[in-house]
Amino acid sequence: MTASNLRVFEMHAGTPSTSAAAATAIENRVVRVSPLKPNSRTARAATAVARGIVNAIPALIVVVLLLLVWEMASSGPKASLPSPSKIWLEARDLITQPFFVYGPQDIGLGWRILTSLQRVAIGFALAAMVGIMLGALVGQSQWAMRGLDPLFQVLRTVPPLAWLPISLAAFRDSVPSAIFVIFITSIWPIIINTAVGIRNIPQDYRNVAAVLQLNSYEFFRRIMVPAAAPYIFTGLRIGVGLSWLAIVAAEMLTGGVGIGFFIWDAWNSSKLPDIVVALVYIGLVGFCLDRAIAALGGLATRGTAAA
Amino acid sequence: MIAPVTPRAHAYAQKTLLDRPLLRIDHVDKSFRRGGTTTEVLKDVSLTIEKGEYVSIIGHSGCGKSTLLNLVAGLIQVSAGGILLEDREVNAPGPDRAVVFQNHSLLPWLTAYDNVRLAVDKVFGATKSRAERHGWTMHNLDLVQMGHAKDKRPGEISGGMKQRVGIARALAMEPKVLLMDEPFGALDALTRAYLQDTVMQIHTRLGNTVIMITHDVDEAVLLSDRIVMMTNGPAARIGEVLDVKLPRPRNRIELASVPGYLAAREAVLKFLYERHRYVEAVA
């Protein structure tokens, strides 16, 4: 830095201009550097993309290797499961066209996924609302905790499908029954995580609320929800995963247009390649659901983590 | 805007007019019960505080200083005796006794502005317009020189800056008594000195009544009108109260040559290290 300044002074040494001119020259040098900034930003974005590709390469290699092993294992004449190439030949329309409609029961997997997702959305939204409320109650009140926690601990171990017969009996219709199964499956981790989050609110925040005389609604909105948000979102993330597990199983039994019933239907008509394609769809959607809740949580708890 | 200097004079005038203390701590006992055992923390503590006074409470750790402050704040209840603020009994927390907590206790999901604004909205929601509340929030942030960082979250600013926002939040409630629980305890020496000066300036300007918990003798002498020295717990009492009759405004550098300064410092040190030496608690 000093060296370059000196050079500027040398340049003007022969001319009548004074140090003011030299100063302008320095300013010019500084200004000339600035247009590089946007370039560096695009460069940074490019390196991020490149890094993403580099990170994805091992996963791609593993997938390709697995497909190869699978192809070799199931290419014999006595193979009981279809090979990848056979799946591609027989179920290509399912893979390439997720949104076709040929008839009332002959629709693309995209539509089936959307139907299942709709049920999950309703059941999970109800579970999130009721679960956060109940969790707040159990986390705040010692008496609610003592009264409800044993019940929760017992009920949460009941497998999702065990609820199905009783909900079919209660609702006398498959769609609300499936939604109820989603609800009852995903509510427990939401309740328990919310309660833990609220019990862990630092005493300092409670003191602040006390000094400010926040009423219970204000305390809920301004302190409880933001302070417990990381825990709540962990619960929601586990809950959405469980509800995606439950919907497939529930639809296998209740029928209709969902992805679960599609698998059952394909099994009954011996279309194994269709089942494999459906499994890949289910896995990818489940992954996206998990990431979506995680991203939402990251967004909602930006400030909380850095305390 | 608040006119400088006058409120303090005004406070003294009012004091002589009404001739009764702003805050009266009257024969207060406090004991905690856990399981079958009862621990007596404070025993027969009485203290009166006048309007505009800056009172420090000093003592060894575990002597119940913070308990006393929490009692005044209303965060915990007295076991016996009573605390009166303007002749009204204190039995619940409220914004008329704003607290500056030791570890700032800002809400990490709110910006500096929103942390102060939450208090302003709560206290002045009914009496001030939206624009006035915004102005008052900014005024208090500017008072602690934090207006420039109003959009920063607590995680993005230094410890000293967090404590400034904490002080702004407390001041914004216009408390009758400002309670500070070791407000500079968690800061490094340079930041602490800087913040002490800020608090001193604000006290001179606004004439607040302040109760400050501290374990720092120099800090107590520099800032206080009176220093309340507590004996060691359990069952801590007020051992001695020292009037610090040093002229204001005070300057930490010039203070060393002011005659009363060394005497005051010595009195507190003698109390703490000779007569009530800290005994390590035996578990």
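Residues numbered from 1 in each chain as written. Chains lettered and ligands numbered in written order. Predicted model: local features only at pLDDT ≥ 70, side-chain atom pairs only at ≥ 80, totals over all residues. Heavy atoms only, no water.

A. Up close: unusual backbone geometry. Look at the link from B:R248 to B:P249: it is a cis peptide, with omega at 0°. Even without being a glycine, A:S270 presents a positive backbone phi close to 55°. Mapped onto the elements of the fold, A:S270 is located in the loop between α12 (259-268) and α13 (272-300). According to the relative accessible area criterion, A:S270 is exposed, its value standing at 61%. (Helix = DSSP H or I, 4+ residues; strand = E, 2+ residues; numbered from the N terminus. Buried < 20%, exposed > 50% of the residue type's maximum accessible area, 1.4 Å probe, protein only.)

B. Region of the structure containing the sheet that holds strand β7 (residues 178-181) of chain B. Taken in spatial order, the six strands of this open sheet run β6-β7-β8-β3-β9-β10 (chain B), and their pairing is mixed. Each having just a single partner strand, β6 (99-100) and β10 (238-243) of chain B make up the two edges of the open sheet. (Pairing = 2+ DSSP bridges.)

C. Local environment of the interface of chain A and chain B. Taken together, the 20 residues of chain A in the interface contact 22 residues of chain B. Between chain A and chain B, the buried area comes to about 1,900 Å², and carbon and sulfur atoms account for 68% of it. On the chain A side of the contact with chain B, A:V211, A:L212 and A:R222 bury the most area, a combined 34% of that side's loss. Taken together, the connections running from chain A to chain B amount to four residue pairs in polar contact (both at pLDDT 80 or more). Counting residues per element, the ones that place at least two in the side of chain A that touches chain B are α10 (203-212), α11 (216-254) and α14 (302-305) of chain A. Among the elements that take part in the side of chain A that touches chain B, α10(A) stands out by supplying seven residues, more than any other. Of the residues in the side of chain A that touches chain B, the class split is 11 nonpolar, five polar and four charged. (Contact = heavy atoms within 4.5 Å. Buried area = accessible area lost by both parts, 1.4 Å probe. Polar contact = N/O pair within 3.5 Å; in protein donor to acceptor, adjacent residues only side chain to side chain. Nonpolar A, V, L, I, M, F, W, Y, C, P; charged D, E, K, R; others polar.)

In short, the description is geometric, and any link to function would need to be established separately.
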